[in-house]
Amino acid sequence: MSSGVIVELHRNSNNWAKVVDEIVKLERKIFPKHESLARSFDEEMRKKNSGLLYMEVDGEVAAYVMYSWPSSLFASITKLAVKENCRRLGHGEALLKAAIQKCRTRNVHRITLHVDPLRTPAMNLYKKYGFQVDNLIEGYYSSDRNAYRMYLDFDAD
């Protein structure tokens, strides 16, 4: 498997439909139905103040990260997913790093995200980049699945 390249998906990209279709398939495989954006993905991506970066490996989407900046003060990483056979190759880390940089260009003071505390690799990755646990949100994903709200603050320039 070759190394990948990070691509920013633009609404007017020639390959919009192909990439969105691949991401929707990934969403359906990785996330439970009630957590998946598969049904509303195209609509989500057409919203203002949102972005998506994906890792392309051998012409296919291997991973993606969605982020948004609802205000000038903070941004949110809403999804980070890596295809099962592409995990532990650094794709998620590269995308997280790139998404943080994209959010920084918006001059936000904080980036937030939610993560299942049982997803140890994800927790370790976020902590490696300075994210801290804000609090536990019980029943965030479902009645028996909680989430940590995590944040990364930037010093005011």
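Heads up: these notes are all about the structure in this document. Throughout this description, residue numbers start from 1 for each chain and increase along the sequence as written. Local features in this predicted model are restricted to residues whose pLDDT is 70 or higher, and side-chain atom pairs enter the listing and the counts only when it is 80 or higher, whereas totals over whole chains, interfaces and linings include all residues. Hydrogens and waters are ignored; side-chain quantities use all the structure's heavy atoms.

1. Topic: the overall build of the chain
Move 1: Working definition: helices are DSSP H or I runs of at least four residues, strands are E runs of at least two. Numbering for both runs from the N terminus. Regarding its fold elements, the chain presents four helices and seven strands.
Move 2: Counting helices and strands in the order they occur from the N terminus, the chain gives β-α-α-β-β-β-α-β-α-β-β.
Move 3: Only C-alpha atoms enter the radius of gyration, while the globule expectation follows 2.2 Å times N to the 0.38, with N the number of residues. Computed over the C-alpha atoms, the radius of gyration of the chain is 15 Å, within 12% of the 15 Å expected from 2.2 N^0.38 for a compact globule of 157 residues.
Move 4: The dimensions of the chain, computed from C-alpha atoms along their principal axes, are 40 × 40 × 30 Å.
Move 5: Whether two residues are in contact is decided by their heavy atoms: any pair within 4.5 Å suffices. Within the chain, counting contacts between residues at least 6 apart in sequence, those at least 24 apart form 58% of the total.
Move 6: Carbon and sulfur atoms form 47% of the exposed surface of the chain, whose accessible area is close to 9,200 Å².
Move 7: The positive charge centre, built from 24 side chains, and the negative charge centre, built from 20, are 2 Å apart in the chain. Methods summary: accessible areas were calculated by the Shrake-Rupley approach with a probe of 1.4 Å, and residue burial reflects only the protein chains presented. Charge convention: Lys and Arg are scored as positive, Asp and Glu as negative, and His as well as the terminal groups of each chain are ignored. Think of each charge as sitting on NZ of Lys, CZ of Arg, CG of Asp or CD of Glu.

2. Here we look at the environment of Asp21
Move 1: Within the secondary structure layout, Asp21 lies in helix H1 (residues 16-30).
Move 2: To sort residues, take the accessible area from a 1.4 Å probe on protein chains only and compare it with the maximum for the residue type: under 20% means buried, over 50% means exposed, and anything in between is partly exposed. Classification of Asp21 by relative accessible area gives partly exposed; the value is 39%.
Move 3: The sequence separation of Asp21 and Arg110 amounts to 89 residues, and the corresponding C-alpha distance is 31 Å.

3. As for the environment of Lys47
Move 1: The topology assignment puts Lys47 in the loop between helix H2 (41-45) and strand E2 (50-57).
Move 2: Classification of Lys47 as partly exposed rests on a relative accessible area of 41%.

4. Topic: the pairing of strand E3 (residues 60-68)
Note on strand geometry: in a regular strand, side chains alternate between the two faces of the sheet.
Move 1: Burial runs high along E3: eight of the nine residues are buried.
Move 2: A pair of strands is labelled paired if DSSP reports no fewer than 2 bridges between them. Of the pairings in the sheet, the one linking E2 to E3 comprises eight bridges and is antiparallel in character. Residue Tyr54 lies in a different strand from E3, and its bridge partner there is Tyr64.
Move 3: In textbook terms, the turn of a hairpin is the stretch between consecutive antiparallel strands, and for E2 and E3 this stretch comprises two residues, one of which, Asp58, has a positive phi near 50°.

5. Side note on the sheet that holds strand E4 (residues 74-82)
Move 1: The sheet built from seven strands is open, its strands ordered E1-E2-E3-E4-E5-E7-E6 with mixed pairing. Both edges of this open sheet fall to strand E1 (5-8) and strand E6 (132-142), since each of them pairs with a single strand only. Pairwise comparison of adjacent strand axes, ignoring direction, gives a mean angle of 25° for this sheet.
Move 2: Here six bridges tie strand E5 (residues 110-115) to strand E7 (residues 145-153), and the two strands are oriented antiparallel to one another. Residue His114 lies in a different strand from E7, and its bridge partner there is Arg149. Interaxial angle, 0 to 180 degrees, is taken between N-to-C directions of lines fitted to C-alpha atoms, where a helix line uses only the stretch in contact.

6. Topic: the nonpolar core
Most often, soluble globular proteins keep nonpolar side chains buried together rather than apart.
Move 1: The biggest cluster of nonpolar side chains holds 30 residues, and the ones touching the most others in it are Ile77, Leu96, Ile111, Tyr126 and Phe131.
Move 2: Only E2, E3, E4, helix H3 (91-104), E5, helix H4 (120-128) and E7 provide two or more residues apiece to this core.
Move 3: Ranked by residue count, the leading element in this core is H3, at six residues.
Move 4: In this structure Leu96 touches Ile77, Leu80, Leu125, Tyr126, Tyr129 and Phe131, once residues within four positions along its chain are discounted.
Move 5: To qualify as a nonpolar core, a set must consist of buried Ala, Val, Leu, Ile, Met, Phe, Trp, Tyr and Cys residues joined through side-chain atoms within 4.5 Å. Formed by 15 residues, the second largest nonpolar core is a distinct cluster that contains Val20, Ile23, Val24 and Ile30.

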